[in-house]
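Listed below, chain by chain, are the residues.
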Amino acid sequence: MTVQNDLDLPRLIADLQARSIIHHHIIMQLVRREATASGDTRKYLSGLTDDLTRIADETLPLEDTRAAAMSMRDYLDDFLVRAGA
């Protein structure tokens, strides 16, 4: 690796982390708004979790599905707690 590549990698990682934080914040606000508007927050969030799990199951190769589903479920559980479910 060159010096330029050594500098670009941390910058790229920082950029990706910043984008991830922004996307997470936007999605959190949208989910909160839609869950509140649904009239049944728990039912809305449960349906959303089921939909996302199904999408992961259909999209990922079989050998990756279990690990990804477990990771996603942990993330969604944490997300839903913070979203107010």
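Here goes a summary of the coordinates provided.

**What to know about a nonpolar patch on the surface**
Next, step 1: Side chains of L9, L12, I13 and L16 sit close together on the surface and give an oily, nonpolar patch of about 360 Å² of accessible area.
Next, step 2: Along the chain, L12 turns up in helix α1 (residues 3-38).
Next, step 3: Under the relative-accessibility criterion, L12 is labelled partly exposed at 46%.

**What to know about helix α2 (residues 41-59)**
Next, step 1: Along its 19 residues, α2 runs 27 Å from first to last C-alpha, staying within 8% of the 27 Å computed at 1.5 Å per residue.
Next, step 2: Restricting attention to buried positions, one finds in α2 the residues L45, T49, T53 and A56. Angularly, the buried residues of α2 cover 75 degrees about the axis, an arc narrow enough to put them on a single face. Among the exposed residues of α2, those pointing more than 90 degrees away from its buried face are K43, E58 and T59.

**Considerations on the nonpolar core**
Next, step 1: Among the nonpolar cores identified, the biggest contains six residues, and these are M28, V31, A35, L45, F79 and L80.
Next, step 2: Looking at this core, the elements with two or more residues in it are α1 and α3 (62-83).

**So, the pattern of salt bridges**
Next, step 1: Here the structure, examined in full by the defined rule, presents four salt bridges.
Next, step 2: A salt bridge links E34 to R33; its shortest N-O distance comes to 3.8 Å.
Next, step 3: Across the salt bridge formed by R54 and E58, the nearest N and O atoms sit 3.5 Å from each other. Note that R54 and E58 are positioned in helix α2 at a spacing of four residues, about one turn of the helix.
Next, step 4: Judged by relative accessible area, E58 falls into the exposed class, the value being 58%.

**Considerations on the side chain of T49**
Next, step 1: Along the chain, T49 falls in helix α2.
Next, step 2: According to the relative accessible area criterion, T49 is buried, its value standing at 4%.
Next, step 3: Apart from the residues lying within four places of it in its own chain, the contact partners of T49 are R73, L76 and L80.

Conventions we followed
Residues numbered from 1 in each chain as written. Predicted model: local features only at pLDDT ≥ 70, side-chain atom pairs only at ≥ 80, totals over all residues. Heavy atoms only, no water. Patch = residues over 30% accessible without salt bridge, like charges linked within 9 Å, V, L, I, M, F, W, Y side chains within 5 Å. Areas by Shrake-Rupley, 256 points an atom, 1.4 Å probe, with all protein chains shown as cover. Salt bridge = Lys/Arg side-chain N within 4 Å of Asp/Glu carboxyl O. Helix = DSSP H or I, 4+ residues; strand = E, 2+ residues; numbered from the N terminus. Buried < 20%, exposed > 50% of the residue type's maximum accessible area, 1.4 Å probe, protein only. Expected span 1.5 Å × (residues − 1). Arc of directions from axis to C-beta. Core = buried A, V, L, I, M, F, W, Y, C linked by side-chain atoms within 4.5 Å. Contact = heavy atoms within 4.5 Å.

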